[in-house]
Each structure stands twice: as structure tokens, then as C-alpha cells.
Amino acid sequence: MDKRTRVLNAMNKKEVDHVPVGFWFHFSGEEAEGDACIQAHLKYYRETDMDFVKIMCDGYFPYPLPEIRTVEDWKKLEPLTADHPFIRGQVERAKAIVEDIGKERCVFYNVFAPFSSIRFGTKEIGYSDKDVMDFIRQDKNAVMHALDVIAQSNALLAELLITEAGCDGIYYCVQGGEFDRFTEEEYRKIIRPSDLYVLEHANRYSDNNMIHMCGFDGITNRLDLWKDYPAKVVNWAVHVEGMSLEEGRFFINGRTALAGFETHWDEHTQQGIIYTGTKEELQQYTKDMILNYGKIGLMLGGDCTVDAKIDWERLRWVVEAARMV
């Protein structure tokens, strides 16, 4: 079974010869931009023999915001056009990668939900996360306007990634569900509509989209906020959220799970068997997950990105073990 068939079968809960595996990390320095970024992706995925490609949006984290001095300035945002460098640059990156490797493997592109776009964009212009929440407390309608505008831009990006670049779908990252950030009612009123606008638009162009319930900075979330978001595959932070693969099977209503490995890292620590286990330990852990869960509706991956400093051989051990079961 070729990699494309294996992944599409897994996504659609059909028989697979082996459970597909996918890990990714952030490219930095020269490899975060331009042709160097494209070549870095291709080198990584071919040398690790991952079953599918998830393209990172490194270099495009900060959404291009205008000058924001007061909460009223959020009402000035307008949607980006298809020729805006923020959109065009990402589409061209994806297209180049798809043209090279897309016949071999499914390709997905990382797209952020609008609230994340605001957080990254405001950080670029000197605001803190607290400042963002202060803007919402001052005038939620102004910020909701901005969320709606950014949703239109991110939805256009998702559309073009699929229709023009040729991606099989998007990997849609939602954040902001921490217990101390919003009440459930606030999240559903302020944030959810923009989340769904992008995801539902992507679903118009591809049936094979993934959602990433991000356990950013190792902080737990109100996963119920995202439980019913319409995506074919669900990726959650098993170890951050304390929700095992088996528990998650029921939580996500039997959809395909992309999960299994703790991947938390920062400048001081690396947590998880993916970093610390011997070859024998890591491969046994991989086999045990597959045997306990079953091969249908499972894709093996991490809670989030792995540390870019990881030895790629460790990731190949996981791929190798998954193909033994």
C-alpha cells in the first residue's frame, strides 16, 4: 500500500497495512523562508520516511495587522486579498512542496484559527497576551469584528492551499481554550464563530481536514469547546490534557485520532519517550499503542511539534516500529 492510500484510508477509517506516522517541527533561521524552507521540508520528510507531510507556516505566524493604538482600531481591519504576500507566499511554498512530493504522500498545511492569528500578530507589534484580553474586555464587538475579518483571510488561505497549491487538506490549529482565559459562554460567543468560519470553508474544498486542539505551553484546555468542530481527523495533546488514546476515541465520537506521543519541550527540558527512550523502549511503546488501540482510525503523532534538535533517527525508529505491526 502506498503512503497516500495508507493515509487516506486511515483518515477515512478504512483498512491499512500499517498505521501511518507523522511528526513535525518548526524550521528556523534560513530554513524558515523561501526555497530553503521548501528544501528543508522535502529533506526532512524524505529522510525520516514519514507517511504524510505537514507543512509548517514558519515565517508567517504574525498576521499582518495595521497599527493598533486603541480598541477602536480593531474595527479598521479589512480582509486580505489573494495577492497579498501573507497569502501568496504560503500558497507558493505549499505548491512547490506538493509538486515535488505530493504524488508520493498526502500534504497538509498548518492554518491558525483567527484568535491565534491575533495573538501572534499583536505580539509582532509590541502587545502582550494580557493586552489582547484587555482589548476584548474593553470592547468585545471591536475585536470580534477583527476576528471575522481575519477569518475571511484565513478561509481564503485555506481555499487556495487546497485548490491552487494542491494540498490534500489543512491542519487547523485552535487555541485559547485554557480554563482561566474565557468562560465557556464567552468562548462560544466571542471566538467560536471565527473558528468555524475557517474550518467549514476549508471543508467545502476538501473532505480531509485535521483539527489540532493545541495544548500550548503545556496548559490544559476546555476540550468540550472544540469537541464538535467538523474535521475528519482530531489531534489533541494526550499527555497535556490527560486524555488517553482510548478515552479520546469516545470523546471525538469515533473519528480518526492523530496522537500518542508526548512531545513537550522548551529551552531547558525535553519530556517524553520520543526524546528519552532507547530504541527498544520507543519501538515497544509504539507497537503497544497500535496493539491496544487497533489499526483502524489511528495515525501516530505528537501532542504538538517536536523539538527541532531531535535526532531524526529517533523518529525513524517510530516509523519502523509502526510497520512491524
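Look above for the structure.
So, here's what we can say about the structure. (Residues numbered from 1 in each chain as written. Predicted model: local features only at pLDDT ≥ 70, side-chain atom pairs only at ≥ 80, totals over all residues. Heavy atoms only, no water.)

1. Observations regarding the packing of aromatic side chains
Per the stated rule, a full pass over the model turns up 20 aromatic pairs. Here Phe25 and Phe27 contribute two aromatic rings whose centre-to-centre distance is 4.7 Å and whose plane-to-plane angle is 50°, an arrangement assigned as tilted. By the burial criterion, Phe25 is buried, and Phe27 matches it. Three or more aromatic residues link up through ring pairs in this structure, and these residues are Phe25, Phe27, Tyr44, Tyr45 and Trp312. Here the basic side chain of Arg249 rests over the ring of Tyr293, its NZ or CZ set 3.8 Å away from the ring centre. (Phe/Tyr/Trp six-rings, centres within 6.5 Å; stacked < 30°, edge-to-face > 60°. Buried < 20%, exposed > 50% of the residue type's maximum accessible area, 1.4 Å probe, protein only. Lys NZ or Arg CZ within 6 Å of the ring centre and 35° of its normal.)

2. Quick word on helix α4 (residues 114–124)
Because the α-helix completes a turn every 3.6 residues, residues three or four places apart line up on one side. Of all 11 residues in α4, 9 are buried; the element is thus mostly enclosed. Among the residues of α4, those classed as buried are Pro114, Phe115, Ser116, Ser117, Ile118, Arg119, Phe120, Gly121 and Thr122. Directly beyond the C-terminal end of α4, a positive phi value near 100° is found at Gly126. (Helix = DSSP H or I, 4+ residues; strand = E, 2+ residues; numbered from the N terminus.)

3. Quick notes on the side chain of Asp139
You can see Asp139 is positioned in the loop between α5 (129–138) and α6 (140–163). When near neighbours in sequence (up to four residues on either side) are disregarded, Asp139 contacts Val71, Glu72 and Lys75. (Contact = heavy atoms within 4.5 Å.)

4. A short note on the pairing of strand β1 (residues 52–55)
Within a regular strand, the side chains alternate between the two sheet faces. The alternating pattern of β1 places Phe52 and Lys54 on one face and Val53 and Ile55 on the opposite face, and all of these are buried. Where β1 and strand β2 (residues 106–112) come together, 4 bridges link them in parallel fashion. Considered in β2, the bridge of Phe52 is made with Cys106. In this view, the connection linking β1 to its parallel neighbour β2 by way of helix α3 (residues 85–101) has right-handed handedness. (Pairing = 2+ DSSP bridges. Right-handed = clockwise from strand over helix to strand, strands pointing away.)

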